[in-house]
2 protein chains.
Amino acid sequence: MIDQVMAYIDEHRDEFTARLLEFLRIKSISTDATCKDETRQGAEWVRTQFERCGIGCDIVPTPRHPCVLADSGSGSNGTTVLLYGHYDVQPIIDLSLWKSPPFEPEIRDGRVFARGSADDKGQVLTHMLAAEAWMKVAQRLPVRVKYLIEGEEEIGSPNLADLIREESDRLACDYIVISDTAKLDENTPAITYGTKGLVYKEITVTGPANDVHSGSFGGTIGNPGNALCKIITSLKDSRNRVTIPGFYKDVRKPAPDERQRLSRLKFNEKRYAKSLGVPALEGEAGYSTIERRWVRPTLDVNGLFGGYQGPGSSTIIPAKVAAKVSMRLVPDQDPEKISNAFDKAVLAAAPKSVRVQIQTHGTNCSAYVAPTDTDGMRAALLAVQKGFNKRPVLIREGGTLPILPMFKKVLGADSIMMGFCLPNCNAHGPNEFFDVSDFHAGIRSAAYFLHELASR
Amino acid sequence: MIDQVMAYIDEHRDEFTARLLEFLRIKSISTDATCKDETRQGAEWVRTQFERCGIGCDIVPTPRHPCVLADSGSGSNGTTVLLYGHYDVQPIIDLSLWKSPPFEPEIRDGRVFARGSADDKGQVLTHMLAAEAWMKVAQRLPVRVKYLIEGEEEIGSPNLADLIREESDRLACDYIVISDTAKLDENTPAITYGTKGLVYKEITVTGPANDVHSGSFGGTIGNPGNALCKIITSLKDSRNRVTIPGFYKDVRKPAPDERQRLSRLKFNEKRYAKSLGVPALEGEAGYSTIERRWVRPTLDVNGLFGGYQGPGSSTIIPAKVAAKVSMRLVPDQDPEKISNAFDKAVLAAAPKSVRVQIQTHGTNCSAYVAPTDTDGMRAALLAVQKGFNKRPVLIREGGTLPILPMFKKVLGADSIMMGFCLPNCNAHGPNEFFDVSDFHAGIRSAAYFLHELASR
């Protein structure tokens, strides 16, 4: 049966590509209030796609953009998969940087250029088209697949947690599958099994009531600018280790076999530095660049501001300056504990001559790591290997997906991230693209995955 | 004769105050191109004032706003004074903060509120009215006084250096007198004999070619924000001493009698901290607040900027951040040497993972300190004591007046700064004011000064 499904997918390659272009023409920018109708249209398009192949589907309203829920019904064995993705896309920001209009998809050099091509319309569509192929060939899927395709991912999924809690019975599953990550590089498909947590802070340092003359008052009062620099500098030592007391206490050490596996990944540090445009790499002593990215917690300044920022000079001691500082966490760091320890360390480092306030932005989020020795993960590895004709690697991700620990908590299921796009696909930037051959290999992988899972 | 001059000044008190209000109605904002004609009108008003009492006067054009040169002709002894001041004023910025319109002077509680009342129209006018009184009573001044009243002080005197060099013979003098500083406090008139120098820098730290995702890349590359903080923090030690090699090498220690004199000044640190709104004072260990203000060099951040500065969070490693940093210098620090030492120290503190650029803004300027044991200084002290019925104190100033070292260099003469306004007169802010009684005492002081100088 799987051979017929693959034949169907290959025969319908052009039709499926055309289907992708159709999906990409919908301007479903969730953050843009003027696109409310078009975002709704995105949900409708997804429903039509499911109905086309006979999979039952609901559009569930939320306070903002609706969510699409679909269910294939019971499969041949008892395994159930929840496929999570999103039909909304990032805004455009600067249209002038796009070589072709972001909502008029264009294929150049074997790549589809359009907003949402990689993130996430193109990737989530691979699973919907794999289901279509199975339904057309076998009139059913080999395992039960539930679909949760939301329209608010790019605005932080404000209503998703409530929906998952309310619909937890309906969404019950053994595995969650997500295609919203990337391959390791052009030639290496990848399955991502871990993401980092996030705590995001803003430190505000206040000195004199107003900006004051740096000549008349300089040297006699604490300067908020100097004080902020001192506070931030105190948070790391000369070996690039975070000095916040207790910061590393709960950090789970990568198991020896994981370290070994990561060390075997082909990773060219020189090329990495060159691609980012930095003169040299820098990171925590005692760890490789890959380990620093994926298994070690980090602390970074995201922004600095205050005082005179215009051209030339203005001789003031600023009344107020601030910094945005984020920490990416790994298992088993507790974001609440880290958040509190950060506050304490910042206040302890602050000179008495200034006042310090600390804000937390967003929700503290913990890291997530899936087990790699499950039937689901084995099925995914084999499926991607068959789909791409290349053995995938197991990788982690330095970014944060708050939805993963939430799925684990509410549904008790682990996530498998099958990434089909390229790491440089410009997901949130201009000229976002998705390789047509990766799209096709993704559909094949998604179809194989259901087959492999059913045979376990 | 001096008694008649004083009687004349007292009799004409109201007329002189009205003259001040007239001067203040002219909107001579030198930085505002739309005020070009009104700025010219300021120069014309000054010429009329000189002509009124028979002092010869020229308006000398410059590439932007003209300069007024006047000369009383030879006095009874050979001493010549050059009176320097300016008729241009600061811009308004936020009109809504003014209680009465800035160019419609209003007297409230014995104070004239108007832009330029203290800085510098009101103060420079005291000397012009003192001259008028002398001319009316004695048909001549007791010593020769030359006047240099420019219209570009508030835009940094871009054409003054050339003018002084070109007219150095015409401007030759024994002393320069300036009234553009303040009293120590309401009850204490002051003569300022020193100002600090200034070196103003901008440090730019560059990392990746673009802002990059702090999750995907955090911990593997140098963060320009953290690096900038580290560089700035390295410039001072825990005792608030600047760590730049050689920074203190040429610092002239205050003579024991100067330290003693400064320590006798009434200065309430608690009140000072409260007036600035800071929770505690902070400065270089081993020195009093007064010493930190006037006789010790300082280093201050004036502004910080780069990366994400908006509301909430954006998880980026900024491509570029920058800081404005200024140093105030004291005798005998050489601004060029300090500027170079700063650059070296910053580059030495920079991590290899980032690129650092350093700019110098404006012109490096050295400190200036006048001798206090001259006939001119003794005459000024006595004159202010008589004018204000209160013994003045000798103070320095933390701010910078680039014109002073230039006068010394080109004309070979020292400057005496007789300050008549209050330290909280809002010179560059809203509701600038000048006490009417200080204005009157200033005119008396200026008239006494010429008398005292002639009798030496």
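Quantities reported herein were computed from a predicted structural model and do not represent experimental measurements.

1. With respect to the packing of aromatic side chains
So, step 1. A full pass over the atoms with the stated rule returns 20 aromatic pairs over all chains.
So, step 2. Residues A:F113 and A:F433 carry aromatic rings whose centres are separated by 5.6 Å and whose planes lie at 45° to one another, so their mutual orientation is tilted. Placement of the pair is A:F113 in strand β5 (residues 111–113) and A:F433 in strand β18 (residues 433–435), with a sequence separation of 320 residues. Of the two residues examined, A:F113 and A:F433, each falls in the buried class.
So, step 3. Plain terms: the ring middles of B:F247 and B:Y248 are 5.1 Å apart, the flat faces sit at 85° to each other, and that makes the pair edge-to-face. As far as burial versus exposure is concerned, B:F247 and B:Y248 are alike and both buried.
So, step 4. A network of ring pairs unites the aromatic residues A:F217, B:F267 and B:Y272 as a single cluster.
So, step 5. A cation over an aromatic ring shows up here: A:R241 above the ring of A:Y248, its NZ or CZ 4.3 Å from the ring centre.

2. Re the state of the cysteines
All names here are of chain A.
So, step 1. Going through the model one piece at a time under the given rule, you end up with zero disulfides over all chains.
So, step 2. Of all cysteine sulfurs, the one in C53 lies closest to C57, which takes part in no disulfide; the gap is 9.8 Å.
So, step 3. The class for C57 is buried, based on a relative accessible area of 17%.

3. Examining the relation of the copies chain A and chain B
In this arrangement, two copies of a chain are superimposed by a rotation about an axis accompanied by a shift along the axis.
So, step 1. Here chain A sits on chain B after a turn of 180° about the axis and a move of 0.0 Å along it, with an RMSD of 0.1 Å. Taken together, the rotation and translation describe the operation of a two-fold axis.
So, step 2. A share of 100% of interface residues in chain A that are also interface residues in chain B marks the association as one of identical surfaces.

4. Considering the packing of helix α12 (residues 375–388) of chain B against helix α14 (residues 436–454) of chain B
Residues and elements named next belong to chain B.
So, step 1. Close contact between α12 and α14 brings their axes to 7 Å; oriented N to C, the two are set at 140°. The angle between the axes of α12 and α14 places the two elements in the oblique class. In this structure, the crossing between α12 and α14 has a hand that is right-handed. When α12 is examined against α14, the residues D375, G376, A379, A380, L382, A383, V384, K386, G387 and F388 are found in contact with a partner set consisting of D438, A441, G442, R444, S445, Y448, F449, E452 and L453.
So, step 2. Considering only residue class, the contact of α12 with α14 consists of ten nonpolar, four polar and five charged.

5. Some thoughts on the nonpolar core
So, step 1. B:F50, B:Y147, B:L148 and B:F449 are the most contacted members of the largest nonpolar core, which totals 106 residues.
So, step 2. Setting aside anything within four residues of it in sequence, one finds B:F50 in contact with B:I55, B:C57, B:V68, B:A70, B:M128, B:Y147 and B:I149.
So, step 3. Formed by 105 residues, the second largest nonpolar core is a distinct cluster that contains A:F23, A:L82, A:A130 and A:W294.

6. A closer look at helix α4 (residues 121–138) of chain A
So, step 1. For α4(A), with 18 residues, the first-to-last C-alpha span of 25 Å sits near the 26 Å given by 1.5 Å per residue.
So, step 2. Within two residues after α4(A), A:Q139 carries a phi angle of roughly 60°, on the positive side.

7. Section: the interface of chain A and chain B
So, step 1. On the chain B side, the residues contacting the 73 residues of chain A number 73 residues.
So, step 2. Three residues, A:T220, A:E282 and A:L304, lead the burial of chain A against chain B; their summed loss comes to 12% of the area buried on that side.
So, step 3. Viewed at the interface, chain B and chain A are joined by zero salt bridges.
So, step 4. The element that contributes the greatest number of residues to the side of chain A that touches chain B is strand β11 (residues 298–307) of chain A, accounting for ten residues.
So, step 5. Taken together, the residues of the side of chain A that touches chain B break down into 28 nonpolar, 32 polar and 13 charged.

8. A few points about the pattern of salt bridges
So, step 1. Enumeration over the complete set of coordinates arrives at 54 salt bridges over all chains.
So, step 2. With a shortest N-O distance of 2.9 Å, B:R444 and B:D10 are connected by a salt bridge. Here the residue B:R444 occupies a position in helix α14, and B:D10 occupies one in helix α1 (residues 2–11), the gap between them amounting to 434 residues.
So, step 3. Given the relative accessible area of 15%, B:R444 is considered buried.
So, step 4. By relative accessible area, which is 37% here, B:D10 ends up partly exposed.
So, step 5. Taking the shortest distance from any N to any O, the salt bridge between B:K386 and B:E452 comes out at 2.8 Å. One end of the pair, B:K386, is in helix α12; the other, B:E452, is in helix α14, and 66 residues separate them in sequence.
So, step 6. Each of A:E15, A:R19 and A:E132 takes part in salt bridges that share partners, so that together they form one network.

9. Observations regarding the pairing of strand β9 (residues 197–206) of chain B
All names here are of chain B.
So, step 1. Here β9 lies mainly inside the structure; nine of its ten residues are buried.
So, step 2. As judged from the ten bridges shared by β9 and strand β13 (residues 320–329), these two strands associate in the antiparallel manner. Paired with I203 across the bridge in β13 is A323.
So, step 3. The pairing of β9 with strand β14 (residues 355–365) spans eight bridges and is classified as antiparallel.

10. Brief notes about the pairing of strand β16 (residues 393–396) of chain A
Residue and element names in this part refer to chain A.
So, step 1. Here β16 shows two buried faces, one formed by V393 and I395 and the other by L394 and R396.
So, step 2. Sheet topology note: the strand β8 (residues 190–195)/β16 ladder contains four bridges and is parallel. Across the sheet, G194 pairs through a bridge with R396, a residue of β16.

11. Remarks on the environment of A:R165
So, step 1. Mapping A:R165 onto the fold places it in helix α5 (residues 160–166).
So, step 2. Given a relative accessible area of 48%, A:R165 falls into the partly exposed group.

12. Let's talk about the sheet that holds strand β4 (residues 106–108) of chain B
All names here are of chain B.
So, step 1. Strand order in this open sheet of three strands is β4-β5-β18, and the pairing throughout is antiparallel. Only two strands of the sheet have a single neighbouring strand rather than two, namely β4 and β18 (433–435). Ignoring strand direction, the axes of neighbouring strands in this sheet form an average angle of 30°.
So, step 2. Sheet topology places strand β5 (residues 111–113) next to β18; three bridges connect them, and they run antiparallel. Directly across from V112, in β18, lies its bridge partner F434.

13. Comments concerning the packing of helix α3 (residues 36–52) of chain B against helix α4 (residues 121–138) of chain B
Residue and element names in this part refer to chain B.
So, step 1. Running from N to C, α3 and α4 cross one another at 20°; their axes reach a closest spacing of 9 Å. Between α3 and α4, the angle falls in the class roughly parallel. Crossing of α3 against α4: the hand is left-handed. For the pair formed by α3 and α4, the contact residues are W45, V46, Q49, F50 and R52 on the first element and L125, M128, L129, E132 and K136 on the second.
So, step 2. Class assignment for the residues of the contact of α3 with α4 results in six nonpolar, one polar and three charged.

14. Regarding the sheet that holds β5(A)
Residue and element names in this part refer to chain A.
So, step 1. The strand order across the open sheet built from three strands is β4-β5-β18, with neighbouring strands paired in antiparallel fashion. Pairing within the sheet leaves two strands with one partner each, and these edge strands are β4 (106–108) and β18. Averaged over all pairs of adjacent strands, the angle between strand axes in this sheet comes to 30°, irrespective of strand direction.
So, step 2. Looking at chain direction, β4 and β5 are connected through three bridges and run antiparallel. Paired with R108 across the bridge in β5 is R111.
So, step 3. Helix-sheet contacts for helix α15 (residues 436–454) involve β4, β5 and β18, and the interaxial angle to β18 is about 65°.

15. Structural notes on the side chain of B:E432
Residue and element names in this part refer to chain B.
So, step 1. Following the sequence through the fold, E432 ends up in the loop between β17 (414–419) and β18.
So, step 2. Residue classification places E432 among the buried positions, given a relative accessible area of 0%.
So, step 3. Side chain to side chain, E432 and R115 meet in a polar contact 2.7 Å long.
So, step 4. Leave out the neighbours within four places in its chain, and E432 touches W98, V112, F113, A114, R115, G116, S117, A118, D119, C425, N426 and A427.

16. Some details on the environment of B:I358
All names here are of chain B.
So, step 1. The residue I358 is located in strand β14 in this model.
So, step 2. In the structure, I358 is positioned 254 residues away from E104 in sequence and 44 Å away in space, judged by C-alpha atoms.
So, step 3. When sequence neighbours within four positions are dropped, the list of residues in contact with I358 reads K201, E202, F342, D343, V346 and L347.

17. Brief notes about unusual backbone geometry
So, step 1. Omega for the peptide link from A:P331 to A:D332 comes to 0°, which places this bond in the cis form.
So, step 2. Mapped onto the elements, A:D332 comes out in the loop between β13 (320–329) and α12 (335–349).
So, step 3. With a phi angle near 50°, B:D109 is a residue other than glycine that sits in the positive phi range.
So, step 4. Tracing the backbone shows B:D109 in the loop between β4 and β5.
So, step 5. Judged by relative accessible area, B:D109 falls into the exposed class, the value being 79%.

Rules of the game
Just so you know, the residues in each chain are numbered from 1, in the order the chain's sequence is written. Both sets of labels track the order of writing: A upward for chains, 1 upward for ligands. With pLDDT at 70 or above as the cut-off, local features in this predicted model cover only qualifying residues; side-chain atom pairs require 80 or more to be listed or tallied, and sums for whole chains, interfaces and linings still use all residues. Only hydrogens and water are set aside when side-chain values are computed; all heavy atoms of the structure are taken into account. Pairing of aromatic rings covers Phe, Tyr and the six-membered ring of Trp, with a centre-to-centre limit of 6.5 Å; geometry is then stacked below 30 degrees between planes, edge-to-face above 60, and tilted otherwise. Only runs of H or I of at least four residues qualify as helices and only runs of E of at least two qualify as strands under DSSP, and these elements are numbered from the N terminus. Exposure is judged per residue with a 1.4 Å probe applied to protein chains only, and the accessible area is read against the type maximum: over 50% gives exposed, under 20% gives buried, and values in between give partly exposed. Ring-over charges, as used throughout, are those where CZ of Arg or NZ of Lys falls within 6 Å of the ring centre and within 35 degrees of the ring normal. Our working definition of a disulfide is a cysteine sulfur pair at a distance within 2.5 Å. To line up the copies, we fit them by least squares on C-alpha atoms, keeping just the residues with pLDDT of at least 70 in both. Pairs of residues are marked as contacts when any of their non-hydrogen atoms sit within 4.5 Å. Only the stretch in contact is used when a helix axis is fitted, and all axes are lines through C-alpha atoms; the angle between N-to-C directions ranges over 0 to 180 degrees. Any angle that is under 35 degrees is reported as roughly parallel, and any over 145 degrees as roughly antiparallel; angles of 65 to 115 degrees are reported as roughly perpendicular and all others as oblique. For any helix crossing, the convention is left-handed if the near helix is rotated counterclockwise from the far helix by under a right angle, and right-handed if that rotation is clockwise. Side-chain classes follow a simple rule in which Ala, Val, Leu, Ile, Met, Phe, Trp, Tyr, Cys and Pro form the nonpolar group, Asp, Glu, Lys and Arg form the charged group, and the remainder, Gly included, forms the polar group. Residues enter a nonpolar core if they are buried and are Ala, Val, Leu, Ile, Met, Phe, Trp, Tyr or Cys, with the set joined through side-chain atoms within 4.5 Å. A helix is expected to reach a length of 1.5 Å times the quantity of its residues less one. Two parts placed together each lose some accessible area under a 1.4 Å probe, and the buried area is that loss summed for both. Salt bridge, as used here, is a side-chain nitrogen of Lys or Arg placed within 4 Å of a carboxyl oxygen of Asp or Glu. Strand pairing is defined by DSSP finding a minimum of two bridges between the two strands. We define a polar contact as two N or O atoms separated by no more than 3.5 Å, with the added condition that, inside protein, one atom must be a possible hydrogen donor and the other a possible acceptor, whereas residues neighbouring each other in sequence contribute only through side-chain atom pairs.

That is the geometry; function is a separate question.
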